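Fold and contact review
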Amino acid sequence: MNIFTRFSAPLGYNSTSYLALESDKQHFLHQETTAVTAYAVFNRVAIAAGEPICPAAEMPTAIDEFLAFSHQNRWHPLFFEVTEPIVPHLKQRGFQFLKLGEEPFFDLERFTLKGNKMANVRSSGNTARNRGVTVREYFPLTWEAASINPQLEEISRQWLEGRGVGELSFTLGSLSLAQPGARRYFIAEREGKVIGFLTYTPIYAREGAYLDLMRRAAETPPGTMDLLLTESFRLLKESGVKWATMGMSPLANVENSAVDQSDRLAWLLAQVYQRGQRLYNFKQLHDFKHKFQPHQWESKYLAYQRLSLPEVDAIIQAVQGQSIGQIVWTLMNQPLF
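Presented here is an overview of the structure given in this document. Fair warning: this is a prediction, and the values are worked out from it, not measured in the lab.

1. Quick word on empty space enclosed by the protein
Evaluation of the coordinates by the stated rule reveals one cavity of 30 Å³ or more. Quantified by volume, the largest cavity comes out at close to 80 Å³. If you go around the largest cavity, you meet 14 residues; those closest to its centre are Thr16, Ser17, Ala20, Ala49 and Gly50. Among the residues forming the lining of the largest cavity, the class breakdown is seven nonpolar, five polar and two charged.

Next up, the structure:
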């Protein structure tokens, strides 16, 4: 059941709200207000995926009810990737905060490829176009599914395999070709073959779209993803979408926070951002998003009452699908040479 159908007005201000529907989450259906909170439990830690989905005026009641539900079950509550407007409500309830990164938003009415700042994006997109790359929206339940869907699945498989990681979850969705729901798919093709794709999920309360998955084949002409992104923005705008986001840049500018936080923890995350290329190329991802000239950057936070090993392990399990112990075991069993 689509939980958003419970409400009479568009809800879900957080860009990842639609991912509440993913199977990796449980759903707390509130009784005292019209709200739902998506969450997962690891190590007796209840991790909420963002904030409760509800009208803004009912947010304090929804938070209190989820906290009571967590305490009733003897769980320690966390809120993962909450937006800044929610911070005051959680602060009043004794939560502390840690900035997790920044998210770029694009006003599609103002987005343009003109101007010096967009010269590189414009040039790389033209390079891909001149090499025969075309972009279109794709609908995975139509007559093309038998030929296109396997190509998307294979691109996704190879993309993950090439990075040596499994499918991330919690704030990333799944390909969901058999049950696309309100997802939108955009594909890049060359010589009749799919070479890259994007998926977007709706941000109902903002008339927006969240870039969820972005994947390409191993061999693609230069500029393919730039063309795919800018063309998808154009097609989204033509269909009435007002805002688009490319998703949070993890650990970007974490020491520069408008919200009080632990300087020591923020410094540690900043070091991972600067020096953690072997884990994930955080800076390269942020630079890629920045070159498209977002109209605004919004911060996202972890809200916690305590942050010890069980909480950290629970976060890693939610996002990575493995515990700290499993990750350490894997690393210890990797060949040295």
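Having put the structure on the table, let's press on.
2. Observations concerning the packing of helix α6 (residues 263-275) against helix α7 (residues 282-290)
Contact geometry for α6 and α7: axes closest at 6 Å, N-to-C directions at 80°. One element, α6, and the other, α7, form an angle in the roughly perpendicular class. Between α6 and α7, the contacting residues are Val272, Tyr273 and Gln274 on the first element and Phe282, Lys283 and His286 on the second.

3. Here we look at the nonpolar core
Membership of the largest hydrophobic core comes to 28 residues, with the highest contact counts inside it found for Ile47, Phe80, Phe170 and Leu302. At the level of elements, β2 (36-42), β3 (45-49), β4 (76-83), β5 (96-107), α6, β12 (296-304) and α8 (309-320) are the ones that each hand at least two residues to this core. In terms of residues, this core owes the most to one element, α6, which gives four residues. With sequence-adjacent residues up to four places away left out, Ile47 is seen in contact with Ala38, Tyr39, Ala40, Phe42, Leu78, Phe80, Phe170, Ala314, Ile315 and Ala318.

4. Topic: the pattern of salt bridges
Under the counting rule described, the total for this entry stands at 19 salt bridges. Here Arg93 makes a salt bridge to Asp64, at a shortest N to O gap of 2.5 Å. Separated by 29 residues along the polypeptide, Arg93 in the loop between α2 (87-91) and β5 and Asp64 in helix α1 (residues 59-72) bring together distant segments of the chain. A relative accessible area of 38% places Asp64 in the partly exposed class. Between Arg184 and Glu137 there is a salt bridge whose closest N-O contact spans 2.9 Å. Of this pair, Arg184 sits in strand β7 (residues 184-190) while Glu137 is found in strand β6 (residues 134-138), placing the two residues 47 residues apart along the sequence.

5. Quick notes on the packing of aromatic side chains
Applying the stated criterion across every chain, the model contains 16 aromatic pairs. Arranged with centres 5.5 Å apart and planes meeting at 75°, the rings of Phe79 and Phe95 form a pair that is edge-to-face. Residue Phe79 is located in strand β4, and its partner Phe95 is located in the loop between α2 and β5; the two are separated by 16 residues in the primary sequence. You'll find Phe79 and Phe95 in the same group, each marked buried. A centroid spacing of 5.1 Å and a plane angle of 80° characterise the contact between Phe111 and Phe233, whose relative ring orientation is edge-to-face.

6. Side note on the pairing of β3
In terms of burial, β3 is a largely internal element, five of the five residues being buried. In β3, alternate side chains face the same way, and those of Val45, Ile47 and Ala49 on one face and Ala46 and Ala48 on the other are all buried. A loop of two residues connects β2 with β3, the two strands running antiparallel in sequence, and Asn43 in this loop sits at a positive phi of about 55°. Both β3 and β4 contribute to a ladder of five bridges, which runs parallel. Bridge pairing in β4 links Ala46 to Pro77. At this point the chain moves from β3, through α1, to the parallel β4, and the crossover so formed is right-handed.

7. Structural notes on helix α5 (residues 224-238)
Its 15 residues give α5 an end-to-end C-alpha distance of 21 Å, which sits within 8% of 21 Å, the value for a rise of 1.5 Å per residue. Within α5, twelve of the 15 residues are buried, which leaves the element mostly enclosed by the surrounding structure. Listing the buried residues of α5 in full gives Thr224, Met225, Asp226, Leu227, Leu228, Leu229, Thr230, Glu231, Ser232, Phe233, Leu235 and Leu236. Of the residues one or two after α5, Gly240 is the one with positive phi, at around 100°.

8. Observations concerning unusual backbone geometry
Positive phi, normally seen in glycine, also occurs at Glu81, with a value near 60°. Mapping Glu81 onto the fold places it in strand β4.

9. Concerning the environment of Ile155
As for its placement among the helices and strands, Ile155 is situated in helix α4 (residues 145-163). Sequence separation between Ile155 and Phe197 is 42 residues, and the spatial gap between their C-alpha atoms is 8.6 Å. Setting aside anything within four residues of it in sequence, one finds Ile155 in contact with Val194, Ile195, Gly196, Phe197, Arg215, Arg216 and Ala217.

Scoring rules and cut-offs
- Residues numbered from 1 in each chain as written.
- Predicted model: local features only at pLDDT ≥ 70, side-chain atom pairs only at ≥ 80, totals over all residues.
- Heavy atoms only, no water.
- 1 Å grid on protein atoms, 1.4 Å probe; cavity = no way out; pocket = protein on both sides within 12 Å on 5 of 7 lines; lining within 4 Å.
- Points joined across faces, edges and corners; volume = space filled by probe spheres on them.
- Nonpolar A, V, L, I, M, F, W, Y, C, P; charged D, E, K, R; others polar.
- Axes fitted to C-alpha atoms, helices over the stretch in contact; angles between N-to-C directions.
- Helix = DSSP H or I, 4+ residues; strand = E, 2+ residues; numbered from the N terminus.
- Parallel < 35°, antiparallel > 145°, perpendicular 65-115°, else oblique.
- Contact = heavy atoms within 4.5 Å.
- Core = buried A, V, L, I, M, F, W, Y, C linked by side-chain atoms within 4.5 Å.
- Buried < 20%, exposed > 50% of the residue type's maximum accessible area, 1.4 Å probe, protein only.
- Salt bridge = Lys/Arg side-chain N within 4 Å of Asp/Glu carboxyl O.
- Phe/Tyr/Trp six-rings, centres within 6.5 Å; stacked < 30°, edge-to-face > 60°.
- Pairing = 2+ DSSP bridges.
- Right-handed = clockwise from strand over helix to strand, strands pointing away.
- Expected span 1.5 Å × (residues − 1).

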